[in-house]
Amino acid sequence: MAVERTLSIIKPDATERNLTGAIVAKFEESGLRVVASKRIHLTPAQAGQFYAVHAERPFYGELCEFMASAPVVVQVLEGEGAIAKNREVMGATNPADAAPGTIRAEFAKSVGENSVHGSDAPETAAEEIAFFFSGLELVG
Ligand code: RTP
Ligand code: MG
């Protein structure tokens, strides 16, 4: 399988509860490598731009408000099949459905406040990485 890069966000519910290290440990234990990382506080407009694909969904307003409610940690993860591997480590969107041992099973508070984001395909991964990082900030 090819080496890929994917965009990860540790969401406000997790940064607020000091779970950044525990979540990064899960990524690293799975074999993913952190090749870029920064802590930022999104504005509601920036969150809205990032999640524009969900603009028509009923939870969009709530999602943008939540993502701007506290700092997030945005990271680029690299590894063999990184996009699928990251989503496996995250677990299902709704923590009630997430497999035991996954980040969302262990840490997520609800389907909305679910601790992490991960890109879902190579095209979205490339777009999402470029949204947050310049090429100079990616250090393999
Ligand atoms: P993400 O994009 O954050 O990695 O999560 P995902 O692919 O598992 O889920 P997606 O369907 O893309 O939804 C994006 C985020 O919107 C929030 N959400 N809230 N209240 C709700 O019913 C609901 N559904 C989704 C979650 O924060 C989800 O991760
Ligand atoms: Mg998604």
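Right above here is the structure, for reference.
Residues numbered from 1 in each chain as written. Chains lettered and ligands numbered in written order. Predicted model: local features only at pLDDT ≥ 70, side-chain atom pairs only at ≥ 80, totals over all residues. Heavy atoms only, no water.

Asks: How should I be thinking about the layout of surface pockets in this particular structure?
Replies: Rolled over the atoms, a probe with the dimensions of a water molecule shows which regions are left empty. Of the pockets and cavities examined, the largest pocket occupies roughly 710 Å³. Tyr51, His54, Phe59, Leu63 and His117 are the residues nearest the centre of the largest pocket, which is lined by 29 residues in total. Only α3 (44-50), α4 (60-67), α5 (82-90), β4 (116-118) and α7 (122-132) provide two or more residues apiece to the lining of the largest pocket. Tallying contributions element by element places α7 first for the lining of the largest pocket, with four residues. Partitioning the lining of the largest pocket into residue classes produces 11 nonpolar, nine polar and nine charged. (1 Å grid on protein atoms, 1.4 Å probe; cavity = no way out; pocket = protein on both sides within 12 Å on 5 of 7 lines; lining within 4 Å. Points joined across faces, edges and corners; volume = space filled by probe spheres on them. Helix = DSSP H or I, 4+ residues; strand = E, 2+ residues; numbered from the N terminus. Nonpolar A, V, L, I, M, F, W, Y, C, P; charged D, E, K, R; others polar.)

Asks: When you look at unusual backbone geometry in this model, what are you seeing that I'm missing?
Replies: In most cases, non-glycine residues show a negative phi, while peptide bonds are predominantly trans. Although it is not a glycine, asparagine 18 sits at a positive phi angle of roughly 60 degrees. With respect to the element layout, asparagine 18 can be found in the loop between α1 (12-16) and α2 (20-29). The phi dihedral of serine 115 falls on the positive side, at around 70 degrees, and the residue is not glycine. Within the fold, serine 115 resides in the loop between α6 (103-107) and β4. Judged by its relative accessible area of 0%, serine 115 falls in the buried class. (Buried < 20%, exposed > 50% of the residue type's maximum accessible area, 1.4 Å probe, protein only.)

Asks: Would you explain the site of ligand 1 in this entry?
Replies: The local shell around ligand 1 holds 13 residues, among which Thr93, Gly112, Asn114, His117 and Gly118 are the closest. Contacts to ligand 1 include lysine 11, whose side-chain N or O atom sits 2.9 Å from an oxygen atom. In this structure, an oxygen atom belonging to ligand 1 sits 2.9 Å away from a side-chain N or O atom of histidine 117. Coverage of ligand 1 by the protein chains reaches 81% of its 560 Å² of free accessible surface. (Near = heavy atom within 4 Å. Polar contact = N/O pair within 3.5 Å; in protein donor to acceptor, adjacent residues only side chain to side chain. Areas by Shrake-Rupley, 256 points an atom, 1.4 Å probe, with all protein chains shown as cover.)

Asks: Would you mind showing me how to read the sheet that holds strand β1 (residues 3-10) here?
Replies: Strand pairing in a sheet relies on backbone hydrogen bonds. The paired strands run either parallel or antiparallel. Strand order in the open sheet formed by four strands is β2-β3-β1-β4, with antiparallel pairing between adjacent strands. A strand with exactly one partner marks an edge of an open sheet, and here the two such strands are β2 (33-40) and β4. Strand-to-strand twist in this sheet, taken as the mean axis angle between neighbours without regard to direction, amounts to 20 degrees. Looking at chain direction, β1 and β4 are connected through three bridges and run antiparallel. Looking at the pairing, isoleucine 10 lines up with valine 116 of β4. Packed on one face of the sheet, α5 meets β1, β3 (72-80) and β4 and runs near 35 degrees to β1. Sheet strands touched by α7: β1, β2, β3 and β4. Its angle to β1, the strand with the most contacts, is close to 55 degrees. (Pairing = 2+ DSSP bridges. Axes fitted to C-alpha atoms, helices over the stretch in contact; angles between N-to-C directions. Contact = heavy atoms within 4.5 Å.)

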